[in-house]
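# Secondary and tertiary structure notes
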Amino acid sequence: METIFWILSAITVLGALFAIMLRNLVHCVLSLILFFLGIAGHYFLLRADFLGAVQILIYVGAVAVLMLFAIMLTRHVTGDEGPREVLGGKWWAGMGTAIIIAGLLWAIIRKDQLAQILPAGGAQTSMVEIGKAMVTDWVVPFEAMAVLLTAALIGAVVIALEEVIRRR
Amino acid sequence: MAIPILFVLSVFLGIFAYTTLVERKALGRIQNRFGPNRVGRWGILQPIADGLKLLIKEDIVPRRADQFVHFLAPVIAVIPSILLFSVVPVGTRLVPVDLNIGILFAFAVSTVSVLALFMGGWASRNKFSLLGAMRAVAQVVSYEVPMVLAAVAVVMAVGSLSTLRIARAQSGGILNVTNWFVFRPWGFVGFVLFTIGAMAESARTPFDIPEAESEIIAGYHTEYSGFKFALFQMGEYLASIAMAGITVTMFLGGYNGPGSGPGWVGGLISMFWFFIKLAFMIVLNIWIRGTWPRVRVDQLLGFAWKVLLPMSIANIVAVGMWHYLTFRPLAWVATTLWLVLWFVTLSKLAATENVAPRTYRYAS
Amino acid sequence: MNIPLGDYLMLSAFLFAIGLCGALSRKNAIIVLIGIEIMFNAAILNLIVFWHYKYFAVPTAYMFAIFAISIAAAESAVGLALVIAIYRQYKSVDVDEFTSLKG
């Protein structure tokens, strides 16, 4: 099991690194997909099967495809970027922040008691429990989520279609 | 665990090989010609000849293509299609893997195949490939929504996502037949929706605009030759066979049929019924392919969003009514009326404006 | 499986830092969105890890993860719609060029 954990972690970290480092935008999204699949593997390893499947369905099937569509609509189809376009003006600030945050989190986690905990028999939440919880204890957030998703759907369509509406 | 998986893999790959032959023969009969009949009697060795030919063909990669992605796409096209078979229960004693998230797993895996189409089309650096890829992505993403919602109806009725539980819920009744979900109002509507969705998802002919020969050569696999092309075809066929298997499991009673049961004899009979139903679905697909003309892009997307999606949501409401009206005759009448009402309304709304009678300038 | 909680926390901390680095230092708006998605996923992984190690009452962290995934999906849809709208206005997706609010 530990080997699987380390392999999955390597896949995830490499996918994330390539997703932000590669020069070709489509390659970036493809390695982002690798990252999503690695995370889904972690969920399966942690016995969260439902969430793993949802991760693949939503992130790989919808979000990544949406990103590919956006690239096709906003770039040359090859997705290549010129040499000067890759990094923003204050790139050193971003990298410095990231390194500092990583170092701080590392130091905190290394010192903390919490980090030594081993799994206590592994949690199990069945689909039935999730479904029941969603319509009893969590019904208000659930409904709020439905409203949010509807608003996001309509909002995204309106924002992307703005020009067409104005032209009429 | 290993034996069912090996069995299922080899059997389904064999079915794939002979589906290509049956398809060519059947299309030949529909179009009033013979189809392949030279290799072996009735062309029975044709799939082997095709495989050999594609194996030893030259593999051409365009010079400007993105080499790595171009190589990766056909591989990714096959993997999800094979993974789909792992959740299809073939018989009462032959279930490859009983996941408790079976149906969700099937949908999650089948979405990954979109990426293969996109990668293949994009990496070829060919405008026809790219157009085919964009069409494929738009089509698969739109048809997935009504398909998932049609499956939600079944999941609601059974109360489980496991394919084995869904198949078990359809046993019993008269001759193990009357409890199939296709013999319920909501089940019938769900079956039609799911079949249309599955056909569109695997880009079969009425919905094959991603590879429409008369418009964009061969779509996303224009630049593929040799065994990579064969892998694309294989992925497509395997996905449509697997989707047929899932349709059978969810609506046509799975492995249930007269004589199926938990024992060894019953298990063998249940496998027989499963494969009969699978063959029926495959032939239905071929028949539809030979009969219907290709739809246009706008018709395709409009149909998914304006007809299939509202209909599948209405179907979910129908399942709810079915669940709460415990007096069965009343439930039958109410759900049928509800679904017919929706069907009539939607077909009225979706009807295109009257097309003027065509005037022929030269030939009349 | 005897992996201490710290390893998982370390992994998601690194992923979070990678995402932050991408979101802050790249020029392209789509890569900024990619970085945000990476950060989201690192956070959701943390929730699931705490669920698995039974740190919270059992379904709570799982529910949070489900809601976080839906929010992330909505966010990326709106974000990409914004990228397309901005591209129509500026004919570019470089975040450094959106300076019309500068005094």
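Residues numbered from 1 in each chain as written. Chains lettered and ligands numbered in written order. Predicted model: local features only at pLDDT ≥ 70, side-chain atom pairs only at ≥ 80, totals over all residues. Heavy atoms only, no water.

### A look at the packing of helix 5 (residues 127-158) of chain B against helix 11 (residues 297-324) of chain B
Geometrically, a packed helix pair is captured by the angle between its two axes and the distance between the axes. Residue and element names in this part refer to chain B. Quick note on the threshold: Axis definition: a line fit to C-alpha positions, over the contact stretch in the case of helices; interaxial angles, taken between N-to-C directions, run 0 to 180 degrees. Helix and strand labels come from DSSP, where a helix needs a run of H or I of at least four residues and a strand needs a run of E of at least two; each type is numbered from the N terminus. An angle counts as roughly parallel when it lies under 35 degrees, as roughly antiparallel when it exceeds 145, as roughly perpendicular when it falls between 65 and 115, and as oblique in every other case. Put simply, Ala, Val, Leu, Ile, Met, Phe, Trp, Tyr, Cys and Pro go in the nonpolar bin, Asp, Glu, Lys and Arg in the charged bin, and everything else, Gly too, in the polar bin.
Packing of helix 5 against helix 11 leaves a shortest axis separation of 9 Å and a crossing angle of 10°. Relative to helix 11, the element helix 5 lies roughly parallel. Classifying every residue of the contact of helix 5 with helix 11 gives 21 nonpolar, five polar and one charged.

### So, the state of the cysteines
To be explicit about the condition: Criterion for a disulfide: a pair of cysteine sulfur atoms at a distance within 2.5 Å. Three exposure classes are used, based on accessible area relative to the maximum for each residue type with a 1.4 Å probe and protein chains only: buried under 20%, partly exposed in between, and exposed over 50%.
Summed over the entire model, instances satisfying the criterion amount to zero disulfides over all chains. C28 of chain A takes part in no disulfide bond, and the closest cysteine sulfur, belonging to C21 of chain C, lies 13 Å away. Residue C28 of chain A is classed as buried on the basis of its relative accessible area of 0%.

### Topic: the packing of helix 4 (residues 91-111) of chain A against helix 1 (residues 5-25) of chain C
Condition: Pairs of residues are marked as contacts when any of their non-hydrogen atoms sit within 4.5 Å.
Their axes nearest at 8 Å, the elements helix 4 of chain A and helix 1 of chain C cross at an angle of 170°. Between helix 4 of chain A and helix 1 of chain C, the crossing angle belongs to the class labelled roughly antiparallel. Between helix 4 of chain A and helix 1 of chain C, the contacting residues are W91, G94, M95, T97, A98, I101, A102, L105, W106 and I109 of chain A on the first element and G6, L9, M10, A13, F14, F16, A17, L20, C21, L24 and S25 of chain C on the second. Partitioning the contact of helix 4 of chain A with helix 1 of chain C into residue classes produces 17 nonpolar, four polar and no charged.

### A short note on the environment of R93 of chain B
Locating R93 of chain B in the fold gives a position in the loop between helix 3 (67-84) and helix 4 (102-123). For R93 of chain B, the contacting residues outside a window of four places in its chain are P262, G263, W264 and G267 of chain B.

### Examining the interface of chain A and chain B
Applicable threshold: Here the buried area means the combined drop in accessible surface, using a 1.4 Å probe, for two parts upon being joined, counting both sides. Any N or O atom pair separated by 3.5 Å or less is treated as a polar contact, with the protein-specific requirement of one donor-capable and one acceptor-capable atom, and with residues adjacent in sequence counted only for side-chain atom pairs.
The interface of chain A with chain B comprises 21 residues on the first partner and 21 residues on the second. In this assembly, chain A packs against chain B so that about 1,900 Å² is buried in total across both faces, 85% of it on carbon and sulfur atoms. It is L57, F69 and M72 of chain A in chain A that bury the most area against chain B; as a group they hold 25% of the surface buried on that side. Viewed at the interface, chain B and chain A are joined by one residue pair in polar contact (both at pLDDT 80 or more). Going through the elements one at a time, helix 2 (25-45) and helix 3 (49-74) of chain A are the ones with two or more residues in the side of chain A that touches chain B. Top element by residues in the side of chain A that touches chain B is helix 3 of chain A. It accounts for twelve residues.

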